[in-house]
Structure formats: structure tokens, C-alpha cells
Amino acid sequence: MLRRAALIHYHEIGLKGRNRAAFERRLAANLAAALGGEADGRVRRIASRLLVPVARPGRALEVARRAAAIPGVSYTGAAYLVGRAADEMERAALEAIAEAAPGASSFAMDARRSSTDYPESSMDMNVRIGRAVQQATGLRVDLQQPDVTVHVEVVQGDAYVYAGKVSGVGGLPVGTSGKVVALISAGIDSPVAAWRLMKRGAVVVGVHFSGVPHTDDLSERFAREIGGALERYGGLGRLYFVAFGDLQREISLQAPPDLRVLLYRRLMIRVAEALAEREGALALVTGESLGQVASQTLENIAAVDASAARPVLRPLIGMDKLEIIGDARAIGTYELSIQPHADCCTLFMPRTPATRARVEDLDAAEDALDTGRMVADALASVRHEDYACPAYRPPRRRRPGRSGPEQAGPDVEEV
Ligand code: ATP
Ligand code: MG
């Protein structure tokens, strides 16, 4: 039986020198972690590609598909590893078509050599292998719109043969862009926002606010499931859960009704920032898109930002709801996000929330609240769940007796 591997290609733009080796190593580690027991031994680096030897040859296509979802991957192929013997390449081409495109009626060849010491030219390989495929299968050659393209890459001592490219998610390997704290509700938008940051190489630490104890914990359960769906991209390190209901109640009792929602949001941002401090994260992320709902006006966005010291990144700001839904479906969070649940933001909801709140009014309302103590209360209730993310480094445990930046809360590691 021919040996199999997932052949991984990545974009090389901007990759130079040291930068490149770090990028490749990070991607290799992320792939190894994501593919686990599917890989047979180490991920290898070969001439601008990564090669994941596949433990069970029959699963090569599945492994190539899973690898394509890992940030940093441009495309993958479920490759047959063959030596340079001509007949092995032909046999692999036939097997690859039968596996990846059994219903095809036309095909094209695309052979390339990276090793110039291989005597046969790309053109000659195309003709030779193409003829063998035609004779064995009766498939028609179609160079314009083939049902399947057979790729042959001759690299160093080996040749890799695969049928059809699996297009990858692109972006940068998780762990090459630092760490962010993403506010993840159980709604449609924020999981997509978190994924977009992973795709740009950031390690994401999520924080979810539930209405507990004034609601059930269903939103937490759904957020945890969303975390599970995001886990397969290898970029979610941890998800924090904050029971927010009592704090919302406190705000609702003391602050003007029309400002409540923004005050909740500003408190969420402050709590997220305390967690970012603990985690060493440099930015926050939300799922807002301009004007999508009444609260997502420029005025309100500015009011929320005024409560944050770190930049608040909003990767969905220019996207339409339908585009966001398209992403949510593609990454597998949509079905989880539409499950009915009590959202903590609708708790103690005023009849007419402000759409153009003024920062001065919010500051004044907060003067009546003890926001420092409220953040400490939130941190005291925090629990967390960890996910498989090889680039994630959890915060170090503080030694007993030493106080950290948010000394009022217990260390999260101990909860
Ligand atoms: P989503 O679909 O992400 O819930 P949304 O369209 O419901 O967003 P808002 O309710 O205005 O919009 O929330 C804006 C952003 O604030 C969310 O995208 C998310 O980042 C954050 N957020 C809101 N509620 C929560 C929550 N309960 N827990 C964590 N983050 C939240
Ligand atoms: Mg929501």
C-alpha cells in the first residue's frame, strides 16, 4: 500500500528569515495538536510545505480537510507519498482520483518539480501520467474546467500526488500575534469575531457573562458548546464564566433606566480588562457591527470604548448580518448560537435604551456605583474551562500572600 500524508501549503508572503522558521514551527505544532492521533509521528518541514504523515491511510482525505481549517493553512492535499519511480506516480494518480472524485468525467494534470535534479520535465510528467489515467479510466482531458485536477509535486527525494486541493482558511498560525480577551455571548456574532482573531494568529481567551443567579445557566452551557466548536481551530485557550445577574440588578436599582444596557456593557469591559491584565492580553474583542442593532451606534461604541484602557477590536464592524451568518455556519457555531436562551443583556431591560448615550452621563451614573468593588465581585464568581490550544499559556499562579493587580478576587487557577 502507498504511504499517505496530508500535504500542507501556506502563504509565504511576508515570511523571511527568522520569521519564517518561527511561523513554520508554530504551524507544525498547531497541526500536530489539532490532528492528534491521526498523525503518524512528527509533522515534517519540507521545502515550503509541511507534511503530516497519516496513521490510517484511508483517512488521509479527512485529515487533509481538518488540517485545512487550521489558521495559517492556504490549502492541503490528501497526498500519496511515492518515490521517483514513474509507475508509482501513475498508480497514485489513479488511486487519488478514485478517492477524491469518484464521479468525475474529466481531469487535468498539474505536475511541478522543485528538484531540478529530477530528469523528467513537468510537461513530460503531465503527458505521461495523463495518458496512463486516460487509458485506465477513460476520463476525458479538460484543461479549462476539469472535474478534478491531479497534482504531482516532486520535492527532494520524493513525489507527492493528490487529486484536488482542499482550500484552507488562510491567515496566520495561532500564537504568532499575541493574546486577546474576547467577549463571547451565546449569540451569533461574537463567536465569529473570536474566530476572526484566531485566524489572524491571536490566542483567544473568552469571557462569557450570564444572568445567573437571576436566570438559569443555559447561556453558559451554550457558550461552552460554542467553545467546543471553536476548539477545532486551535485558537481558544480558555473560556471564563462570570455570573453577572446580581451586578445587573445592582445597576438597575441605582442607575437611570435608559443607560442600563451601556452600563452593563461598560462593566463587562472592565471585568474583561481585569482578566486581560491577569492573562497578559493586549486587546479586547467584541462582535459588534455598525448599526446592526439600536445599541451599536457610533455614540454607544465610543461610550463603551471610554471605559477601556486596551483597544477594543471589532472585526465584524463592517460586515452585514448575512455575511456574519455565513461565517457562523462555515465555522460550525451558527446552530449552537440560535438555541433559545436567556441573554443576560435582556435582564432588567429598560423599555427604551439610549441609542446615543453621552460619556458624561455614563460617568455620572457610575459615580453612584462602586465599580471597583463590582469588578472584584465579578472576578470572585469567575470560573473557567480550558480548551486544547497549544499556543496558550495560562496566567501564572500567584504565590499565597502576594497581591496581584486585581487582589480582591481569588486566583482563577484555584476555582
Ligand atoms: P452577539 O450576537 O455576539 O450576542 P449582539 O448582536 O447580540 O451580539 P449586543 O448584545 O449589542 O450584540 O452585544 C455586543 C457585543 O457585546 C457582543 O458581540 C459580545 O462581544 C458582547 N456581549 C454581549 N453580551 C455578552 C455576554 N452575555 N457575554 C459576553 N459578551 C457579551
Ligand atoms: Mg447577543
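What comes next concerns the included structure.

## Describing the site of ligand 1
Around ligand 1 sit 21 residues, and of these Leu183, Ser185, Asp189, Ser190 and Phe209 come closest. Take Ile188: an N or O atom from its main chain is 3.2 Å from an oxygen atom of ligand 1. Within the contact set of ligand 1, an oxygen atom lies 3.3 Å away from a side-chain nitrogen or oxygen of Arg265. If ligand 1 stood free it would expose 580 Å²; the protein chains cover 91% of that surface. The cavity where ligand 1 resides is the largest pocket. When contributions to the shell around ligand 1 are tallied by element, the ones reaching two or more residues are α5 (189–199), β11 (203–210) and α8 (260–279).

## Structural notes on the pattern of salt bridges
Side-chain pairs of opposite charge can arise whenever the charged atoms involved come near each other. Enumeration over the complete set of coordinates arrives at 32 salt bridges. Where Glu38 meets Arg56, a salt bridge forms, and the shortest distance between an N and an O atom there is 3.5 Å. Of the two residues, Glu38 sits in the loop between α1 (17–35) and β2 (44–46) while Arg56 sits in the loop between β3 (49–53) and α2 (60–68), which places them 18 residues apart along the sequence. Given the relative accessible area of 6%, Glu38 is considered buried. With relative accessibility at 48%, the residue Arg56 sits in the partly exposed group. Arg84 is the salt-bridge partner of Asp117, the closest N and O atoms lying 3.2 Å from each other. In this pair, Asp117 is assigned in the loop between β5 (106–113) and α4 (122–137) and Arg84 in the loop between β4 (73–82) and α3 (86–100), connecting sequence segments 33 residues apart. Owing to a relative accessible area of 26%, Arg84 belongs among the partly exposed residues under this scheme.

Definitions and cut-offs
- Residues numbered from 1 in each chain as written.
- Chains lettered and ligands numbered in written order.
- Predicted model: local features only at pLDDT ≥ 70, side-chain atom pairs only at ≥ 80, totals over all residues.
- Heavy atoms only, no water.
- Near = heavy atom within 4 Å.
- Polar contact = N/O pair within 3.5 Å; in protein donor to acceptor, adjacent residues only side chain to side chain.
- Areas by Shrake-Rupley, 256 points an atom, 1.4 Å probe, with all protein chains shown as cover.
- 1 Å grid on protein atoms, 1.4 Å probe; cavity = no way out; pocket = protein on both sides within 12 Å on 5 of 7 lines; lining within 4 Å.
- Sits in = over half its atoms within 2 Å of the grid points.
- Helix = DSSP H or I, 4+ residues; strand = E, 2+ residues; numbered from the N terminus.
- Salt bridge = Lys/Arg side-chain N within 4 Å of Asp/Glu carboxyl O.
- Buried < 20%, exposed > 50% of the residue type's maximum accessible area, 1.4 Å probe, protein only.

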